[in-house]
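Each chain is listed here by its residues.
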Amino acid sequence: MAVENGAHTPNSNVVDVAFHSDPAHLLSAAHVVNRHQHSAITDRCSGNFYGTNHVPSDTELLEIEKLLAPHNARLSQLQKDLEQAEAKIARLKKEQEDILKVIKPLKSLSSLIRRFPREVMELIFTYSIPAPAPGTFTYDVCHGPLVLLRVCKMWRDIALNTPQLWTSVVPMAPFHLLHSHGTTSDAKRAALALEQLDQWLGRSKNYPLSISLYGPSPSTVRWDRGHTMRDLASTLLTHSRRWESVNFDAPRWQPVHFIDVVAESLPALKRLRLSASYLLLAYQQRVHFNGLLTAPNLKELQIEAPRLYFPLSKLPVNWTNLTHLYLGGGDKFRLDRSSQDSQLTAPEMLPIIKQCQKLRILSLLLISAPNPLPESETQITLSNLEALNVTGCRSQIHYLLRSIMTPRIREIHYQPFFPPVQVSPFTLTLPLTSFLQRYGNPTEVLSFNLPSVSREDLQSWLECTPALKQLNLGQEFQIAPPPPPLTSSALLDFECAFDDSCISLLTPKQDQPYFCPNLKIFRCSMKPRVSGDAILAFLAARTDPLLVGDGGIIEEVSIHDLPYDSPLGDWTEAEEERLKPIREAGVRLSFMKTFYYQSKLAPALASEPPPGTCVSGFGTGYGVDFNLF
């Protein structure tokens, strides 16, 4: 053989590879053979007609067929090999599916969640159910308890036997039933709606209920020929002794549906919200909600009414029992000046507040009155009041603050309305300063929404609140309507907005006393004119353990409405590098400009803010939630 005597054929090197190499080189050897063959074909054709428009002769066609024969044979073999490989893959996939069918139930049996005690699963289910959104009814397929029923047999059994999951009830009459003409089909649908509500209430056992009453518009209710809403209300009334909280949207459900409810049938009612955007609380000296308002154990009351033809002092409420009181007009407040009794003013509120000696949380929207305010003669002491939110007319707010004493106050929210006229900034904040000088020492949360604030005013407020943990400058939340915007002429009369001199008051300095050593949350949205250097100096000082100690590091800083040319508020690598040590210290940061603009979007975050930022704030912080529902 040529290999044995050392003689080499043109392909002897390939033969050597095939005989003496390991299997890993076989594919490489085959590739070399194919390459040589393809090169030979190319050499023979390129000189005559390869790559041209030449029409081969019969002799040339025979030569081409000879050249194609081994390739066609190889191609046919490859096709067979592929078919065999695909058949094998199909068999393997089928075997995989069969094995997974056996493994899945076995893994399910060994799942950790099966080892959870039933009591723990019940708690997880209870805390996983969100509050239903307004306008949705309880037996919606997307509602929490109903979703749990469709997971597995065990979860369904736990959900059906956990009454706490079914204590939130939001009944709603389907729209088509309100236009019922008494047909057999409509009657069956109405019966089904009532049956679903009965099932829901039955699953709650004897636990207290939270009822939210929404429904169609008043014009639609008038066409409820089938009395579907009346029947739903009757079903709810059979469980009235378990009502713990009621959120009553008066224009949706007519008061006549609950006209028969009496205080004796509401022993568990503690929280009540009445929203009467289009329906009056009372008419011709007759209170529409007498039974709900006279509940013997009512503790928390929220009333939102655009028109108060009926004086609040004449409502049959046991004011002495209340611990939470919220009075405002919602987002559609209108003042009816035809009746002096219809105005929610400070002089009208003081006799009511005087009766609320157990009051802990108070939120008021006070309306301006054409008559001058009387001189404040007596002081009302609210010894248990912890949180106060006052919104509306400045003079009414100031009259109220001068008339009350709050020795235990720990949270103050001050939001006066400013008319779009020129006013002097020096007379606007004096009542707040006086109030804080008297009762600001234990205050932990201070929030005020003003067009501007001077360094002197801010310094006086901070001096009065040494225990402050949370400071909010600007509009953070509100139950009342937003204040009217100031015109440019009015803004000119105010001193500069929150600027570097103001933030320096909150910046710790070496070997110098500084304000609010316990400050944990700082939020500002009142068009600050602070420089990036001042903000960074504030952050660096508030995260320096040598200055503030390990327990004094701030938790959250949110500064919105920054100037357009501010170095903060754009996601850039330089900004992220400067803020990196602050975030590593555990501080939540949020910076936004007046007209939000990102000069460079973060990679893979084109539609999202950078990590660690939040557009809408971080929550309630150390303050209370002024909304019952």
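Calculation notes
Residues numbered from 1 in each chain as written. Predicted model: local features only at pLDDT ≥ 70, side-chain atom pairs only at ≥ 80, totals over all residues. Heavy atoms only, no water. Helix = DSSP H or I, 4+ residues; strand = E, 2+ residues; numbered from the N terminus. Buried < 20%, exposed > 50% of the residue type's maximum accessible area, 1.4 Å probe, protein only. Salt bridge = Lys/Arg side-chain N within 4 Å of Asp/Glu carboxyl O. Core = buried A, V, L, I, M, F, W, Y, C linked by side-chain atoms within 4.5 Å. Contact = heavy atoms within 4.5 Å. UniProt positions renumbered as here; feature names shortened; annotations may be inferred. Axes fitted to C-alpha atoms, helices over the stretch in contact; angles between N-to-C directions. Parallel < 35°, antiparallel > 145°, perpendicular 65-115°, else oblique. Left-handed = near helix turned anticlockwise from the far one by under 90°. Nonpolar A, V, L, I, M, F, W, Y, C, P; charged D, E, K, R; others polar. Arc of directions from axis to C-beta. Pairing = 2+ DSSP bridges.

Undergrad: Could you clarify how one ought to interpret unusual backbone geometry in this entry?
TA: Phi angles above zero are rare outside glycine, and Cys516 is one such case at about 50°. Assignment of secondary structure puts Cys516 in the loop between α16 (500–504) and β16 (521–524). A residue is classified by how much of its surface remains accessible, and Cys516, at 2% relative accessible area, is buried. One non-glycine residue, Asp561, adopts positive backbone phi at about 65°. In this fold, Asp561 is placed in strand β17 (residues 556–562).

Undergrad: I keep staring at the pattern of salt bridges and nothing clicks. Help me out?
TA: Side chains that differ in sign of charge can pair as their charged atoms come close. Applying the stated criterion across every chain, the model contains 13 salt bridges. Here Arg410 makes a salt bridge to Glu411, at a shortest N to O gap of 3.8 Å. With a relative accessible area of 1%, Glu411 lands in the buried category. Close ionic contact of Asp533 with Arg578 constitutes a salt bridge, the shortest N to O distance being 3.7 Å. You can see Asp533 sitting in helix α17 (residues 532–542) and its partner Arg578 sitting in helix α19 (residues 573–584), a full 45 residues away along the chain. Bridged by salt links that share partners, the residues Arg118, Glu122 and Asp157 form one connected network.

Undergrad: What is the right way to look at the nonpolar core in this model?
TA: The nonpolar side chains of a soluble globular protein tend to be buried with one another. Formed by 112 residues in total, the largest nonpolar core has its most connected members in Leu325, Met349, Phe448, Leu471, Phe498 and Phe522. In this view, Phe522 contacts Leu471, Leu473, Phe498, Leu506, Phe538, Ile554, Glu556, Val557, Ser558 and Ile559; residues no more than four positions away in its chain are not counted.

Undergrad: Looking at this structure, how should I read the UniProt feature "coiled-coil region" (unreviewed entry) in the protein chain?
TA: If you check UniProt for "coiled-coil region" (unreviewed entry), the listed places come out as residues 68–102 in our numbering. As a span, residues 68–102 carries 100% helix and 0% strand, and end to end its C-alpha atoms are 51 Å apart.

Undergrad: When you look at helix α11 (residues 346–355) in this model, what are you seeing that I'm missing?
TA: Residues separated by three or four positions in an α-helix point in the same direction, a consequence of the helix having 3.6 residues per turn. Along α11, the residues classified as buried are Ala346, Glu348, Met349, Leu350, Ile352 and Ile353. Each element contacted by the buried residues of α11 is listed here: β8 (324–328), β9 (361–366), β10 (380–381), α12 (394–403) and β12 (404–405).

Undergrad: Is there a simple way to explain the environment of Leu201 in this structure?
TA: Along the chain, Leu201 turns up in helix α7 (residues 184–203). Take Leu201: its relative accessible area is 1%, and that puts it in the buried class. Sequence separation of Leu201 and Thr235 is 34 residues, and the distance between their C-alpha atoms is 9.2 Å. When neighbours within four sequence positions are excluded, Leu201 is seen to be in contact with Val169, Leu209, Thr235, Leu236, His239 and Arg242.

Undergrad: Explain the packing of α11 against α12 here, please?
TA: When two helices pack together, their arrangement is given by the angle between the helix axes and by the axis-to-axis distance. At a minimum axis separation of 9 Å, α11 and α12 run at an interaxial angle of 30°. Classified by the angle their axes make, α11 and α12 are roughly parallel. Read as a crossing pair, α11 and α12 show a hand that is right-handed. From α11, Ala346, Pro347, Leu350 and Ile353 reach across to α12, where they touch Gln396, Tyr399, Leu400 and Ser403. Taken together, the residues of the contact of α11 with α12 break down into 6 nonpolar, 2 polar and no charged.

Undergrad: Just checking my understanding: could you explain the side chain of Ser204 for this structure?
TA: Checked against the element boundaries, Ser204 lands in the loop between α7 and β2 (209–213). Not counting residues up to four positions away in its chain, the partners in contact with Ser204 are Pro163, Trp166, Thr167, Leu209 and Arg242.

Undergrad: Help me understand the packing of helix α4 (residues 118–128) against helix α6 (residues 153–160), please; the structure alone is not making it clear to me.
TA: Here α4 crosses α6 at 75°, and the two axes come no closer than 10 Å. By the angle between their directions, the pair α4 and α6 is classed as roughly perpendicular. Across from Arg118, Met121, Glu122 and Phe125 in α4, the residues of α6 making contact are Trp155, Asp157, Ile158 and Ala159. Of the residues that constitute the contact of α4 with α6, the class distribution is 5 nonpolar, no polar and 3 charged.

Undergrad: Looking at this structure, I do not really get the side chain of Thr235. What am I missing?
TA: With respect to the helices and strands, the residue Thr235 is situated in helix α9 (residues 228–237). Residues contacting Thr235, with those up to four places away along its chain left out, are Leu194, Leu197, Asp198 and Leu201.

Undergrad: How should I be thinking about α6 in this particular structure?
TA: Taken together, the buried positions of α6 are Trp155, Ile158 and Ala159. Each buried residue of α6 lies within a common arc of 95° when the element is viewed along its axis, so the set occupies one face. Along its buried surface, α6 packs onto α4 and α5 (144–148).

Undergrad: For this particular structure, what's the right way to read the pairing of strand β7 (residues 300–304)?
TA: Two faces, one strand: in a regular strand the side chains alternate between the faces of the sheet. Summarising burial for β7: 5 of the 5 residues are buried, a large majority. Residues of β7 alternate between two faces, with Glu300, Gln302 and Glu304 on one and Leu301 and Ile303 on the opposite face, all of them buried. Inspection of the sheet shows strand β4 (residues 271–275) paired to β7 by 5 bridges, in the parallel sense. Following the sheet pairing, Leu274 is matched in β7 by Ile303.

Undergrad: Would you mind showing me how to read the pairing of β9 here?
TA: Counting buried positions over the 6 residues of β9 gives 6, a clear majority of the element. The alternating pattern of β9 places Ile361, Ser363 and Leu365 on one face and Leu362, Leu364 and Leu366 on the opposite face, and all of these are buried. Here 4 bridges tie β8 to β9, and the two strands are oriented parallel to one another. Paired with Tyr326 across the strands is Ser363, a residue of β9. As paired strands, β9 and strand β11 (residues 387–392) are joined by 6 bridges and run parallel to one another. Note on β11: the bridge partner recorded for Leu364 is Val390.

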